[in-house]
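Residue strings, one per chain:
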Amino acid sequence: MKKLTLAIIGQGRSGKDIHGAYYRREDNKYYDVKYVVDADAHRRAVAEEIYPGCKTFACYEELYALNDIDLVVNATYSEMHYPITRDLLLHKKNVLVEKPFARTRYECDELIKIAKDQGVVLAVFQQTFLAPFYTFAYDLTKSGKLGDIKQISIRYNGLSRRWDWQTLQKKCAGSTYNTGPHPIGMGLGFLDFDANTRVAYSKLDTALTSGDSDDYAKILLEAPNKPLVDIEINSTDAYSKYMLKIQGSRGTFTANTKEYEMTYIVDGENPERPVVETFLQNEAGDPIYCSEKLVKHVENGKFDGTAFDVGTASLYEQLYFRITEGKPMTVTPEMAASVISVVETVHAQNPLPLKF
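The residue numbering used here restarts from 1 in each chain and proceeds along that chain's sequence as written. With pLDDT at 70 or above as the cut-off, local features in this predicted model cover only qualifying residues; side-chain atom pairs require 80 or more to be listed or tallied, and sums for whole chains, interfaces and linings still use all residues. Excluding hydrogens and water, the side-chain values take into account all heavy atoms of the structure.

**Looking at helix H9 (residues 333–349)**
Secondary structure elements are defined from DSSP: runs of H or I of at least 4 residues count as helices, runs of E of at least 2 residues count as strands, and each element is numbered from the N terminus. Expected helix span is computed as 1.5 Å times (number of residues minus one). Relative to the 24 Å expected for 17 residues at 1.5 Å per residue, H9 spans 24 Å between its end C-alpha atoms, a close match to the ideal helical length. Remark: exposure states derive from per-residue accessible area (1.4 Å probe, protein chains only) relative to the maximum for the residue type, with buried under 20%, exposed over 50%, and partly exposed in between. For H9, every residue scored as buried is listed here: Pro-333, Met-335, Ala-336, Ala-337, Val-339, Ile-340, Val-342, Val-343, Val-346 and His-347. Any two residues having at least one pair of non-hydrogen atoms within 4.5 Å are treated as being in contact. Tucked into the core, H9 has its buried residues touching helix H4 (105–118), strand S6 (122–125), helix H6 (175–178), helix H7 (181–190), strand S8 (198–205) and strand S9 (216–222).

Here it is in structure tokens:
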């Protein structure tokens, strides 16, 4: 199998430690890193050490004239995702852009149109859709095991603070733009990206961040005849017990990225009780509380891999066959654009003051 020639722009935490970690794995049989772009000389020198034989540049414009590039990965600052991806597409380069896809839905739609007009591949790096915990949970909601799904709660919470560029509105940063594509994307996925999905409620705030963007977000998504999706991205929650919770008419599922537990009932094991329109009483005629001991089942298990290993490898494998054979990918640019629609709406509903 012939490897594709890859150029990556940006050697920050994502470019070096997430994308780069995959490139350096033994099971990467799809890509060869030939070019690395970063404005910082030290990072370029490190790239030359970890990708022997690669050529480095300080400016991404150097890639335009190179005809031996099969894919360019845009792992730059968030506010640079749109303009750099646009430039690359217009120069007929296949592009994988980091999340967030762009700042606005208009920018996302423009990039999708340019890629189509230029006849090139555009993909967005939202690998959580391929993470084992998410695919397991999604299949569970469709299985009927938990009955009619009423609510799905997604928590990306903790007690922590930041003071880097990811706290600044001018950098297209903050919790909803930076972390939000993961839980918001999952939420939309559970709703099957229903075109009638709306933001029923949202609140943004700043708590521990040193910047001017949000580090507290509460978002409720709803769609006709679908469960309510309750999303939190909260830097002030020291007691978050789960990342994902699914509540259905037959039971509950909770999970983090590594393991899950669910408790549920099975039809026929708990015969239906007729309604008693008066108060309940015991044999002596004394009032009693309406209670019973249901026959319940408890299951638990562990997930094999996370978004950072299994999810990343799966996305890159799908992208290889998208470029070489035109096969569809699980994560589409249109899905990523829908995520940005939610983020943009939430920010419009909760404008925060600009301080930097």
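**A short note on the sheet that holds strand S11 (residues 244–248)**
Reading across the sheet, the eight strands line up as S8-S9-S10-S7-S11-S12-S13-S14 and stay open at both edges, with mixed pairing between neighbours. With partners counted over all chains shown, the strands left at the sheet margins are S8 and strand S14 (297–302), one partner each. Averaged over all neighbouring strand pairs, the angle between strand axes comes to 10 degrees, with direction disregarded. Of the pairings in the sheet, the one linking S8 to S9 comprises seven bridges and is antiparallel in character. Within S9, the position partnered with Ser-202 by the bridge is Ile-219. Every axis corresponds to a line fitted to the C-alpha atoms, with the helix fit spanning only the stretch in contact, and the corresponding angles, defined between N-to-C directions, vary from 0 to 180 degrees. Along the sheet, H7 contacts strand S7 (149–157), S9, strand S10 (228–234) and S11; its crossing angle with S7, the most-contacted strand, is approximately 170 degrees. The sheet strands contacting H9 are S8 and S9, and the helix crosses S8 at an angle near 60 degrees. Any two strands between which DSSP finds at least two bridges are classified as paired.

**Overview of the side chain of Gln-127**
When you line up the elements, Gln-127 lands in the loop between S6 and helix H5 (132–143). By relative accessible area, Gln-127 is classed as buried at 3%. Setting aside chain neighbours within four positions, we find Gln-127 in contact with Ile-18, His-182, Ala-307, Phe-308, Gly-311, Thr-312 and Leu-315.

**What to know about the state of the cysteines**
Two cysteine sulfur atoms make up a disulfide if the distance between them is within 2.5 Å. Throughout the structure, instances matching the rule amount to zero disulfides. Between Cys-54, a cysteine without a disulfide, and Cys-59, which holds the nearest cysteine sulfur, the sulfur-to-sulfur distance is 16 Å. Just so you know, Cys-108 is unpaired, no disulfide at all, and the nearest cysteine sulfur is the one on Cys-172, 9.5 Å from it. Judged by relative accessible area, Cys-108 falls into the buried class, the value being 0%.

**Regarding the packing of aromatic side chains**
The pairing test for Phe, Tyr and Trp rings, Trp by its six-membered ring, is centres within 6.5 Å, and the orientation test on the planes gives stacked under 30 degrees, edge-to-face over 60, and tilted for anything in between. Taken as a whole and assessed by the stated rule, the structure comprises 24 aromatic pairs. Ring-over charges, as used throughout, are those where CZ of Arg or NZ of Lys falls within 6 Å of the ring centre and within 35 degrees of the ring normal. When the ring centre of Tyr-77 is taken as origin, the NZ or CZ atom of Lys-171, which lies over that ring, is 4.0 Å away.

**A closer look at the pairing of strand S2 (residues 31–37)**
Counting buried positions over the seven residues of S2 gives five, a clear majority of the element. Here six bridges tie strand S1 (residues 4–9) to S2, and the two strands are oriented parallel to one another. Looking at S2, one finds that Ala-7 is bridged to Tyr-35. When the strands point away from the viewer and the connection leading from the first strand across the helix to the second strand turns clockwise, the crossover is called right-handed. Read from S1 through helix H1 (residues 13–23) to S2, the crossover connection turns out right-handed. Taken together, the three bridges between S2 and strand S3 (residues 55–57) define a ladder with parallel strand orientation. Across the sheet, residue Val-37 finds its bridge partner in S3, namely Phe-57.

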